[in-house]
Amino acid sequence: AVEAGGAAAASSAALASANNIDADESSESNRSMFASMFSSLLTAPSSSSSQQPRTRASAAARGGSAVAEPKAQPAWMAEMEAMADETGATCAVCQEGRTLQPSELLGLYAFVKKVSLPSSQGGGKGDIDGTVVLLSLPTSFPSSLMSTGDAEALFQKARDAAKALEGSSHALSAMSSAANSITGSGGGRSNYYITTVSAGNAIHISCHKKAKAADRNHPKAPKSEWEGASLRNSRVTCNVILPMVSSKTSKVPLVAVETALTDHNAIIANTLGARPKSILWNCLHDVRFLLLRMAYGEALNVDCGGGSSSSNFLLALYQLYSADMFALNAEHDESVEVSRHARGLSAGFLVGVDIVDGPDFNRHEARSKRLERGVADAAPMAALCSILFYNADIKPYDNAKETHDLSGSQQHERKAPPPTRQWELYKSKFLVGLIRCAGHRHSLGLTDSGCVTSRGISTVRKNVEKSRSFADWSGGSVDDAAADSPSSLTGSAQTKVPSRRTSMIDEYSGALRPMLTLYAVFNQLSKEFVLGEDDGTEEFSERLAAKLESCYKAEDIHELLQIAEINDVGHDVICKYFEKGATS
């Protein structure tokens, strides 16, 4: 037994010893494996460095660069880095604009509505578009005007436009309406226009068509065309798309432009209930109403629920680009009278201002009455046409044969408006016409643009619908305001008691305010607007909006005169022309 126990103990010891030996061998094997791994990591750089000279030598032997080539980046990353940054308006669907999609036509979502104005309330089309002015001018150069080259050129331009209008149905209707308004009979005839506002959201015409089909075919919540469009338009109501035609659309197919314009004009015709006789004048009336609404400080978002001053100035600028294209087309597709009328309006207006201010002018004759009233009514449209057609460095009276085509492309380099542009040369006369217009509208009892949402609403409601930044002048004191104003036109020594004219300008301030604001807008528009040079249109609209806002915030008419840069015209002169307009 003792021997058996000793044998078992010896066997156990031997087994334990063997296990220890195996464990030691396993541990040694593991240490050996880890050592080899660390050794390979430590020797990798050296081996790499030892191989690098061979790589460089082989590259040099092949005639390649001594520097190792960088790792090639994926094709999609190279394409992304090569893409240009998008500037300007972008599509509300694909978020791309003219930089990334130059061959796709963009359009502005807008809201258009019909406006009805009687002729007795400043709504006569022949009065607004200057037909009455052109047809009331004398047939020969007046002896009362200074016989200068510019004056004769202006008169000849106006006479050419008048000859083109003579005998047309529009001319006969305009002169008949003007005669009735002077005699006080037949002034109740209504004239129909459109007015358009926008929130400034753009979309590709093709993207709109695709979204329209998707909205119509939605399985759970189908939508109409403009119901879905209002969602893409930041939930602002819209019913039309204005094609953004300019020099940047030169790569857009002509068929796409014509199709978009046809769709736009079809909606305008449905809104009016009839096809406009002239697409050009329909567009110009639309721009005039938009600027007039902003000059009166009316809130533009009451129509569609959105839209700022800058977005609506953007709309107006693209409408002016379209109007120039319509003027070019009118020379071929419509009667030549349409184009000559629009291009000759500013010249006829300037001649008319000189005639009615002449010493030999007899304002009691029927023809003279028509001319004087026509100058007042046509002042805003004449200023607009002057900036549209004669704000570039071109020969101002050569029938304006610009070098741009239907797409708006031009063959000259970008230039700022020259100091010899028509507005800059004659802006004092345009100011006189706008002041006369203010007086005439005041005599008619007009306190708004005529584009209110519904006719017959109370005056209190109209005041509520002013722009938020529109300062209230109703609480100012006439005597206090007059005490701080200059006493004479020449700026001579101040007197303690203000003159009658100085105090009268404060009494007329409410009626003068819209036209002085409109003058400030026209002046700013003239400083930068050039046909075919629409780079930075969005920034331009922002500057126009800033100018308008500064006019809104003016505390009184004296501050407004400074903002509008009307510093060389005395208060007595302003009041004189205001009263002439009121009695015309």
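Residues numbered from 1 in each chain as written. Predicted model: local features only at pLDDT ≥ 70, side-chain atom pairs only at ≥ 80, totals over all residues. Heavy atoms only, no water.

**Concerning the sheet that holds strand 2 (residues 190–204)**
Taken in spatial order, the three strands line up as 2-1-3 in an open sheet, and their pairing is antiparallel. Of all the strands in the sheet, the pair left with one neighbour each is strand 2 and strand 3 (240–243). Each neighbouring strand pair of the sheet contributes to a mean axis angle of 40 degrees, computed without reference to strand direction. Relative to strand 3, strand 1 (residues 106–118) runs antiparallel, the two being bridged by four bridges. (Pairing = 2+ DSSP bridges. Helix = DSSP H or I, 4+ residues; strand = E, 2+ residues; numbered from the N terminus. Axes fitted to C-alpha atoms, helices over the stretch in contact; angles between N-to-C directions.)

**Considerations on helix 18 (residues 509–528)**
Three- or four-residue spacings in an α-helix give side chains the same orientation, since the helix completes a turn every 3.6 residues. Spanning 20 residues, helix 18 covers 29 Å between terminal C-alpha atoms, matching the ideal 28 Å at 1.5 Å per step. Taking burial as the measure, the 20 residues of helix 18 include 16 buried ones, the bulk of the element. (Expected span 1.5 Å × (residues − 1). Buried < 20%, exposed > 50% of the residue type's maximum accessible area, 1.4 Å probe, protein only.)

**Describing the nonpolar core**
Leu284, Leu291, Leu512, Phe522, Leu525 and Phe529 are the most contacted members of the largest nonpolar core, which totals 137 residues. In terms of residue count, helix 11 (residues 309–330) provides more of this core than any other element does, 13 residues in total. Once residues lying within four places of it in the same chain are set aside, the contact partners of leucine 284 are Ala323, Met381, Leu384, Cys385 and Leu388. (Core = buried A, V, L, I, M, F, W, Y, C linked by side-chain atoms within 4.5 Å. Contact = heavy atoms within 4.5 Å.)

**Notes on the packing of aromatic side chains**
With the rule as written, the count across this model stands at ten aromatic pairs. Residues tryptophan 423 and phenylalanine 430 carry aromatic rings whose centres are separated by 5.2 Å and whose planes lie at 20 degrees to one another, so their mutual orientation is stacked. Between the aromatic rings of phenylalanine 470 and tyrosine 552, the centroid separation amounts to 5.4 Å while the plane-to-plane angle is 70 degrees, which identifies the pairing as edge-to-face. On the criterion of sequence distance, the pair formed by phenylalanine 470 in the loop between helix 15 (459–464) and helix 16 (478–483) and tyrosine 552 in helix 19 (residues 537–552) is long-range, its members being 82 residues apart. Aromatic rings pair up to connect Phe349, Trp423, Phe430, Tyr519 and Phe522 into one cluster. Above the plane of the ring of phenylalanine 470 lies lysine 466, whose end atom (NZ or CZ) is 5.3 Å from the centre. (Phe/Tyr/Trp six-rings, centres within 6.5 Å; stacked < 30°, edge-to-face > 60°. Lys NZ or Arg CZ within 6 Å of the ring centre and 35° of its normal.)

**Quick word on the side chain of histidine 440**
Structurally, histidine 440 can be placed in helix 14 (residues 422–443). Residue histidine 440 is classed as buried on the basis of its relative accessible area, which comes to 5%. A distance of 3.5 Å separates polar atoms of two side chains, one belonging to histidine 440 and the other to aspartate 377. (Polar contact = N/O pair within 3.5 Å; in protein donor to acceptor, adjacent residues only side chain to side chain.)

**Thoughts on the state of the cysteines**
Under the definition given, this model contains zero disulfides. In this structure cysteine 94 is a free cysteine whose sulfur lies 3.8 Å from that of cysteine 91, the closest cysteine sulfur available. There is no disulfide at cysteine 304, and the cysteine sulfur nearest it, in cysteine 238, is 8.5 Å away. For cysteine 304, a relative accessible area of 5% corresponds to the buried category. (Disulfide = S-S within 2.5 Å.)

**Things to note about the packing of helix 10 (residues 279–295) against helix 11**
Between helix 10 and helix 11, the least distance of the axes is 9 Å, while the angle of their chain directions is 160 degrees. Considered as vectors, helix 10 and helix 11 are oriented roughly antiparallel to each other. As for how helix 10 packs across helix 11, the hand of that crossing is left-handed. Each of Ile279, Leu280, Cys283, Leu284, Asp286, Val287, Leu290, Leu291 and Met294 in helix 10 lies in contact with helix 11, whose residues at this interface are Ser309, Asn312, Phe313, Leu315, Ala316, Gln319, Leu320, Ala323, Phe326 and Ala327. Here the contact of helix 10 with helix 11 is built from residues that sort into 15 nonpolar, three polar and one charged. (Parallel < 35°, antiparallel > 145°, perpendicular 65-115°, else oblique. Left-handed = near helix turned anticlockwise from the far one by under 90°. Nonpolar A, V, L, I, M, F, W, Y, C, P; charged D, E, K, R; others polar.)

**A word on helix 6 (residues 169–183)**
The end-to-end C-alpha distance of helix 6 is 22 Å, a good match for the 21 Å that 15 residues give at a rise of 1.5 Å each. Turning to helix 6, its buried residues are Ala171, Ala174, Met175 and Ala178. Taken end-on, helix 6 shows its buried residues confined to a sector of 95 degrees, consistent with a single buried face. Exposed residues lying more than 90 degrees from the buried face of helix 6 are Ser169, Leu172 and Thr183. (Arc of directions from axis to C-beta.)

**Here we look at the pairing of strand 1**
Counting buried residues in strand 1 gives ten out of 13 residues, a clear majority hidden from the surface. When strand 1 meets strand 2, the two strands line up antiparallel, connected through twelve bridges. By the bridge assignment for strand 2, glycine 107 is matched with isoleucine 203.

**Some points on the environment of threonine 196**
Relative to the helices and strands, threonine 196 resides in strand 2. In this structure, the C-alpha to C-alpha distance between threonine 196 and phenylalanine 289, residues 93 residues apart in sequence, is 8.5 Å. Apart from residues lying up to four places away in sequence, threonine 196 is in contact with Ala110, Phe111, Val112, Asp286, Leu290, Leu315 and Gln319. A polar contact of 2.6 Å, which involves the side chain of threonine 196, links it to the side chain of aspartate 286.

**Looking at the packing of helix 14 against helix 18**
It is the contact of helix 14 with helix 18, at a shortest axis distance of 9 Å, that shows an interaxial angle of 155 degrees. Judged by the angle between their axes, helix 14 and helix 18 are roughly antiparallel. The hand of the helix 14/helix 18 crossing is right-handed. Each of Trp423, Lys427, Leu431, Leu434, Ile435, Cys437, Ala438, Arg441 and His442 in helix 14 lies in contact with helix 18, whose residues at this interface are Ala511, Leu512, Met515, Leu516, Leu518, Tyr519, Phe522, Asn523 and Ser526. Class assignment for the residues of the contact of helix 14 with helix 18 results in 13 nonpolar, three polar and two charged.

**Here we look at the pattern of salt bridges**
Throughout the structure, instances matching the rule amount to 16 salt bridges. Residues glutamate 166 and arginine 159 are paired through a salt bridge, measuring 3.8 Å at the closest nitrogen-oxygen approach. Judged by its relative accessible area of 9%, arginine 159 is buried. A salt bridge links glutamate 298 to arginine 293; the shortest N-O distance between them is 3.9 Å. Take glutamate 298: its relative accessible area is 11%, and that puts it in the buried class. (Salt bridge = Lys/Arg side-chain N within 4 Å of Asp/Glu carboxyl O.)

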